[in-house]
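Here's the letter readout for the chains.
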Amino acid sequence: MVVRIERMRPADIDRCVELERLLFPEDDPWPAGAFRSELSGSHNHYVVARDGDGRMVGYAGIALLGTHDHPEAEVHTIGVDPDCHRGGIGTRLLRALLTVAGHRGGPVFLEVRTDNVAAIALYERHGFRVVGLRKRYYLPSGADAYTMLRPEPTGADQPNEVLA
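What you see is a predicted model; the values in this text were computed from it and never measured.

**Section: the sheet that holds strand β6 (residues 129–138)**
Alright, step 1. Spatially, the seven strands line up as an open sheet ordered β1-β2-β3-β4-β5-β7-β6, and their pairing is mixed. Strands with a single pairing partner mark the edges of an open sheet, and in this sheet they are β1 (3–7) and β6. In this sheet, adjacent strand axes meet at a mean angle of 25 degrees when their direction is disregarded.
Alright, step 2. In terms of strand pairing, β6 meets strand β7 (residues 143–150) through six bridges, oriented antiparallel. In the strand pairing of β7, Y138 is matched with A143.
Alright, step 3. Where helix α3 (residues 89–104) meets the sheet, its contacts fall on β1, β2 (44–51), β3 (56–66), β4 (71–80), β5 (108–113) and β7, and the angle it forms with β3 comes to roughly 25 degrees.
Alright, step 4. Relative to β5, helix α4 (residues 117–125) is tilted by about 160 degrees, and along the sheet it contacts β4, β5 and β7.

What follows is the structure in structure tokens.
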């Protein structure tokens, strides 16, 4: 599937909420207000994936944290339409986030459900490793999460996803 990655706009929020309900029904899917808040944060960067017809098929967001001298980033979310799973969209979205983080430097953190084998494999392919366990992190399901870390990449490790 051909997709293009571009910055998320407020007009994308309703579709994000729809996908959240499909993807995370057990774990308090984000409401529209959460997406609006994330988009308004000056330290946040959100992107969407659109198919050839312009339909949003995925979204992702990262927070650029820390200081100028000690930057770090935290992946807040990645979601892909279930009809499009295993098509490389999650990889493209993650690369877009890592490209943004790479411009500032520093490590990147994230949390992922311990039972989300596909996501864990994706993150490991991009240099993340498990550094902690958060018991009952996801609510209301009570699912555990791994905290994963990707150390600051060097040269050839740096992704380069171009935004449309």
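**Topic: the nonpolar core**
Alright, step 1. Residues I78, I89, L93, V108, Y123 and F128 are the most contacted members of the largest nonpolar core, which totals 30 residues.
Alright, step 2. Taken together, the elements giving at least two residues each to this core come down to β1, β2, β3, β4, α3, β5 and α4.
Alright, step 3. In terms of residues, this core owes the most to one element, α3, which gives eight residues.
Alright, step 4. Apart from the residues within four sequence positions on either side, F128 is in contact with L94, L98, V108, L110, Y123, M148, L149 and R150.

**Digging into the side chain of D144**
Alright, step 1. Secondary-structure assignment places D144 in strand β7.
Alright, step 2. Looking at D144, its side chain comes within polar contact range of the main-chain nitrogen of R136, at 2.8 Å.
Alright, step 3. What D144 contacts, discounting residues up to four positions off in sequence, is V112, R113, T114, L133, R134, K135, R136, Y137 and Y138.

**Topic: the packing of aromatic side chains**
Alright, step 1. In the structure shown here, the tally under the stated rule is four aromatic pairs.
Alright, step 2. Aromatic pair F35 and Y59: ring centres 5.6 Å apart, planes at 80 degrees, arrangement edge-to-face. One end of the pair, F35, is in helix α2 (residues 32–40); the other, Y59, is in strand β3, with 24 residues separating them in the sequence. Here F35 matches Y59 in class, with each residue buried.

Conventions we followed
Residues numbered from 1 in each chain as written. Predicted model: local features only at pLDDT ≥ 70, side-chain atom pairs only at ≥ 80, totals over all residues. Heavy atoms only, no water. Pairing = 2+ DSSP bridges. Helix = DSSP H or I, 4+ residues; strand = E, 2+ residues; numbered from the N terminus. Axes fitted to C-alpha atoms, helices over the stretch in contact; angles between N-to-C directions. Contact = heavy atoms within 4.5 Å. Core = buried A, V, L, I, M, F, W, Y, C linked by side-chain atoms within 4.5 Å. Buried < 20%, exposed > 50% of the residue type's maximum accessible area, 1.4 Å probe, protein only. Polar contact = N/O pair within 3.5 Å; in protein donor to acceptor, adjacent residues only side chain to side chain. Phe/Tyr/Trp six-rings, centres within 6.5 Å; stacked < 30°, edge-to-face > 60°.

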